[in-house]
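Next come the chains, spelled out residue by residue.
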Amino acid sequence: AAKEAGRATYQFFTPELNRRASDRMWTENNLRRALANNELELHFQPQFSLDGRRLIGAEALVRWRQPDGTLIMPGQFIPVAEDTGLILPLGDWVLGEACRRAAELLRHQDLMIAINLSAVQVRRPGLAERVAGWLSAYGIPPSALELEVTESVLMDDSDVVSETFSQLREMGVPLAIDDFGTGYSSLAYLKRFRVDKLKIDRSFVSGLRAGNPDSGAIAEAIIGMARSLRMQTLAEGVETEEQYHCLATMGCDQCQGYLLGRPMPYEDFLAFVRRDAGTPQPQLAEVVE
Ligand code: C2E
Ligand code: MG
Ligand code: MG
Ligand code: MG
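Residues numbered from 1 in each chain as written. Chains lettered and ligands numbered in written order. Predicted model: local features only at pLDDT ≥ 70, side-chain atom pairs only at ≥ 80, totals over all residues. Heavy atoms only, no water.

- An unreviewed UniProt entry lists the chain under the name Diguanylate cyclase/phosphodiesterase (GGDEF and EAL domains), with Azospirillum lipoferum given as the organism.

This is how it looks when you write it as structure tokens:
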């Protein structure tokens, strides 16, 4: 048995797992400093109406800029931030920074900024007050924001979560469900809170083929259901004209994806907005990451 255990232990610490464990430790040790030293930044990915390709807003996506200039993507530090509680100060920074940028952008064009919320943030009392505080600090209307949560948050039946969603609703802050279709939630949960938009997960968009109705069966079902529940739909991860065309045919409302613009630093997005103002066709964004 000792031999077995010894072998199991040995197998557990593969070089790969060792590397991941030390990456995690490195991330945890440095993230606190990153917050204090202002090493986080928001990039913005443009969002468009499907019919007419009008720029309607952007999703704010956090990045961690190392002192040497290297960018660390959120997949590498958001899970660690959630496990350590650092997501609370980090999430609050994202909210404040997104509102600050929204206030600047609103001087140029009527746009909406979508912000990702972690379940940890929503489960903690006081989120609606934090949002209200940032809105008034930067003097922007609640409709200039959109808060994105995943399906699992809807299924949380705690009083804190339902209280927070009803406060946000009263304030008039729109709510979107991110990565919709991947979370195993019961559709009944969509009726518990007012949901304004379903973001169709990229996995249901990537396979879309013109002339192959099966390829769009799930996207089409989501769009149909959203319409009967009076919710909007936004397709994520649109990379080709063919996908765009299929979604337009299905009556999807909005989209974002590499086809129309990558996430980009604020200054680049501002230039993008200025170019867009008055022009119906958006330019392709430069590849920045
Ligand atoms: P998400 O909210 O679903 O964001 C969409 C992700 O898809 C982004 O990755 C974006 O860069 C990527 N993407 C956009 N268009 C395309 C496309 O056409 N093709 C492909 N292959 N990918 C595309 P990113 O920026 O690495 O963010 C990953 C995830 O990290 C986000 O997924 C979100 O869950 C989380 N995240 C990002 N920023 C924040 C934040 O401020 N707070 C929280 N709590 N989570 C965040
Ligand atoms: Mg999102
Ligand atoms: Mg998503
Ligand atoms: Mg996602």
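## Examining the packing of aromatic side chains
Part 1 of the argument: Taken as a whole, this structure holds eight aromatic pairs when the rule is applied.
Part 2 of the argument: Between Phe48 and Phe272 the ring centres are 6.3 Å apart and the planes differ by 70 degrees, which places this aromatic pair in the edge-to-face class. Here Phe272 lies in helix H11 (residues 266-276) and Phe48 lies in strand S1 (residues 40-49), a separation of 224 residues in the sequence. For the pair Phe48 and Phe272, a shared accessibility class is recorded, and that class is buried.
Part 3 of the argument: Grouped by ring-pair contacts, the aromatic residues Phe44, Phe48, Tyr266, Phe269 and Phe272 constitute a single cluster.
Part 4 of the argument: A cation sits over an aromatic face here: Arg53 above Tyr244, 3.9 Å from the ring centre.
Part 5 of the argument: Its guanidinium or amino end placed over the ring of Tyr258, Arg262 lies 3.8 Å from that ring's centre, counting from NZ or CZ. (Phe/Tyr/Trp six-rings, centres within 6.5 Å; stacked < 30°, edge-to-face > 60°. Helix = DSSP H or I, 4+ residues; strand = E, 2+ residues; numbered from the N terminus. Buried < 20%, exposed > 50% of the residue type's maximum accessible area, 1.4 Å probe, protein only. Lys NZ or Arg CZ within 6 Å of the ring centre and 35° of its normal.)

## A word on the coordination of the magnesium ion (ligand 3)
Part 1 of the argument: Within the protein, the magnesium ion (ligand 3) binds to Asp178 (OD), Asp179 (OD), Glu236 (OE) and Glu236 (OE); these donor distances fall in the range 2.1 to 2.5 Å.
Part 2 of the argument: Taken as a pair, the magnesium ion (ligand 3) and the magnesium ion (ligand 2) show a spacing of 4.0 Å, with Asp178 coordinating each metal. Residue Asp179 is found in strand S6 (residues 175-180), and its partner Glu236 is found in the loop between strand S8 (232-235) and helix H10 (241-250); the two are separated by 57 residues along the sequence.
Part 3 of the argument: The exposure class of Asp179 is partly exposed, given its relative accessible area of 27%.
Part 4 of the argument: Residue class for Glu236 comes out buried when judged on its relative accessible area of 10%. (Donors = N, O, S within 2.8 Å, 3.2 Å for Na, K, Ca; no water.)

## Overview of the site of ligand 1
Part 1 of the argument: The environment of ligand 1 is formed by 23 residues, the closest being Arg63, Asn116, Asp178, Glu239 and Tyr258.
Part 2 of the argument: Taking Val62, its main chain carries an N or O atom lying 3.2 Å from a nitrogen atom of ligand 1.
Part 3 of the argument: Computed on the free molecule, ligand 1 has an accessible area of 800 Å², of which 81% lies beneath the protein chains in the complex.
Part 4 of the argument: Of all the secondary structure elements, the ones that give two or more residues to the shell around ligand 1 are strand S2 (55-65), helix H3 (74-84) and S6.
Part 5 of the argument: Per-element tally for the shell around ligand 1: the top contributor is S2, with four residues.
Part 6 of the argument: Here the shell around ligand 1 is composed, by residue class, of 10 nonpolar, five polar and eight charged. (Near = heavy atom within 4 Å. Polar contact = N/O pair within 3.5 Å; in protein donor to acceptor, adjacent residues only side chain to side chain. Areas by Shrake-Rupley, 256 points an atom, 1.4 Å probe, with all protein chains shown as cover. Nonpolar A, V, L, I, M, F, W, Y, C, P; charged D, E, K, R; others polar.)

## As for the pairing of strand S5 (residues 145-150)
Part 1 of the argument: Within S5, five of the six residues are buried, which leaves it mostly tucked inside the rest of the structure.
Part 2 of the argument: Bridge count for strand S4 (residues 112-116) against S5 is four bridges, and the pairing is parallel. Bridging across to S5, Ala114 finds its partner in Glu146.
Part 3 of the argument: Where S5 meets S6, four bridges bridge the pair, whose relative direction is parallel. Note that in S6 the partner of Leu147 across the bridge is Leu175. (Pairing = 2+ DSSP bridges.)

## So, the coordination of the magnesium ion (ligand 2)
Part 1 of the argument: Within the protein, Glu59 (OE), Asn116 (OD1), Glu148 (OE) and Asp178 (OD) serve as the donor atoms for the magnesium ion (ligand 2), at 2.0 to 2.3 Å.
Part 2 of the argument: For the magnesium ion (ligand 2), all donor residues lie on one chain, and their spacing in sequence is E-x56-N-x31-E-x29-D.
Part 3 of the argument: The partly exposed category is assigned to Asn116, whose relative accessible area is 29%.

## Some points on the environment of Thr27
Part 1 of the argument: Here Thr27 shows up in helix H2 (residues 15-36).
Part 2 of the argument: On the basis of relative accessibility, which here comes to 2%, the residue Thr27 falls in the buried class.
Part 3 of the argument: It is 39 Å that separates the C-alpha atoms of Thr27 and Arg54, two residues lying 27 residues apart in sequence.
Part 4 of the argument: Setting aside chain neighbours within four positions, we find Thr27 in contact with Trp64, Gln76, Phe77 and Val80. (Contact = heavy atoms within 4.5 Å.)

## So, the packing of helix H4 (residues 87-105) against H11
Part 1 of the argument: Remark: H4 packs on H11, axes separated minimally by 11 Å, with the N-to-C direction vectors making an angle of 25 degrees. Classified by the interaxial angle, the pair formed by H4 and H11 is roughly parallel. For the pair H4 and H11, the crossing hand works out as right-handed. On H11, the residues touching Arg101, Glu104 and Leu105 of H4 are Tyr266, Glu267, Phe269, Leu270 and Val273.
Part 2 of the argument: Here the contact of H4 with H11 is built from residues that sort into five nonpolar, no polar and three charged. (Axes fitted to C-alpha atoms, helices over the stretch in contact; angles between N-to-C directions. Parallel < 35°, antiparallel > 145°, perpendicular 65-115°, else oblique. Left-handed = near helix turned anticlockwise from the far one by under 90°.)

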